[in-house]
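# Report on the structure
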Amino acid sequence: METVFDVISDDFLSDLDAISDLIGLVANGGGSSKSRVASINSATLLLAATFEELIREMGRQFAREIVSRTENVADLPRKLIATAWRRGLEDMARAKIDTGGTSTPLLHIATDARSEFDAICKFLEGDRSQNIYKHIAHNDNNMRPDQINTIFKICDLNNICSKISETEFLKHHLAEDDGARAHSKFLTALNDFMEKRNGIAHSLNPGNSASAEQFLEDVNLLRSVSLAMAACLPSHLP
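### So, the overall build of the protein
- When you go through the protein residue by residue, the secondary structure sums to 9 helices and 0 strands.
- For the protein, the N- to C-terminal ordering of α and β elements is α-α-α-α-α-α-α-α-α.
- Principal-axis analysis of the C-alpha atoms gives the protein an extent of 60 × 55 × 30 Å.
- The 238 residues of the protein split such that 41% are buried.
- Across the protein, contacts joining residues at least 24 apart in sequence account for 74% of those joining residues at least 6 apart.
- For the protein, the accessible surface area stands at approximately 12,600 Å², while carbon and sulfur atoms represent 51% of it.
- A distance of 5 Å separates the average location of the 25 positive side-chain charges in the protein from that of its 34 negative side-chain charges.

Laid out in structure tokens, this is it:
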């Protein structure tokens, strides 16, 4: 039976197909070597950003499912409640009202802040219908394995990267029958991809570009992660 995690994964896979099609068009359409390098580099940055949003949305949805299955807010994971509270306040504090040139009227800032604060307070008071989930899944750095684990640990789900490495999707992609070895390979592969992403973002040197074949290997890795997560997460719900 299809779950909401499958729906999120399917949307991500559609995005992967669209990004891959762009590379195919450039590869088959000729053009200069510089244009091919630029297209692969741009697609790699887009791929990384799309993957990060996949993980955040999976994390938000997992939190929603946890909340929907818990009758009392007091029984929710403490880190989930604390994260919603702290990050909600942090987001309100980031409103730019002291620059002298903000494009957002003060009235709008105040209205949005009041709405956000009311939602968080009502949630703490026991109203589980409040939408506090945009504050739940957040990453300050690249979506490396430790960042992925941190997002799900908020809901008391520890080491999700190890758990998804036990699925056939990642085992098959990484050509490993053993989950521990698949986990080790996955950590290396994802860290390598993020290093590649950073090399492109921080340098205009064409030497940092990957080939079209390497790019498609990265796509297939992230495709496997998406499928593995959609298969794994439902089994860890209460």
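There is more to say after this.
### Remarks on the confidence of the model for the protein
- Taken as a whole, the protein shows an average pLDDT of 90; of its residues, 91% reach a score of 70 or greater.
- The weakest mean pLDDT in the protein belongs to helix α1 (residues 4-28) at 89; the strongest belongs to helix α6 (residues 160-164) at 98.

### Thoughts on the pattern of salt bridges
- Applying the stated rule across the entire model yields 15 salt bridges.
- Close ionic contact of E65 with R69 constitutes a salt bridge, the shortest N to O distance being 2.4 Å.
- Owing to a relative accessible area of 41%, R69 belongs among the partly exposed residues under this scheme.
- A salt bridge links E176 to K185; its shortest N-O distance comes to 3.2 Å.
- Classification of E176 by relative accessible area gives buried; the value is 14%.

### A closer look at the environment of S211
- Looking at the element boundaries, S211 is found in the loop between α8 (179-201) and α9 (212-232).
- Exposure remark for S211: the relative accessible area of 28% places this residue in the partly exposed category.
- Along the primary structure S211 and L76 are separated by 135 residues, whereas in three dimensions their C-alpha atoms are 46 Å apart.

The rules we used
Residues numbered from 1 in each chain as written. Predicted model: local features only at pLDDT ≥ 70, side-chain atom pairs only at ≥ 80, totals over all residues. Heavy atoms only, no water. Helix = DSSP H or I, 4+ residues; strand = E, 2+ residues; numbered from the N terminus. Buried < 20%, exposed > 50% of the residue type's maximum accessible area, 1.4 Å probe, protein only. Contact = heavy atoms within 4.5 Å. Areas by Shrake-Rupley, 256 points an atom, 1.4 Å probe, with all protein chains shown as cover. Lys, Arg positive; Asp, Glu negative; His and termini not counted. Charge placed at Lys NZ, Arg CZ, Asp CG, Glu CD. pLDDT = per-residue confidence, 0-100. Salt bridge = Lys/Arg side-chain N within 4 Å of Asp/Glu carboxyl O.

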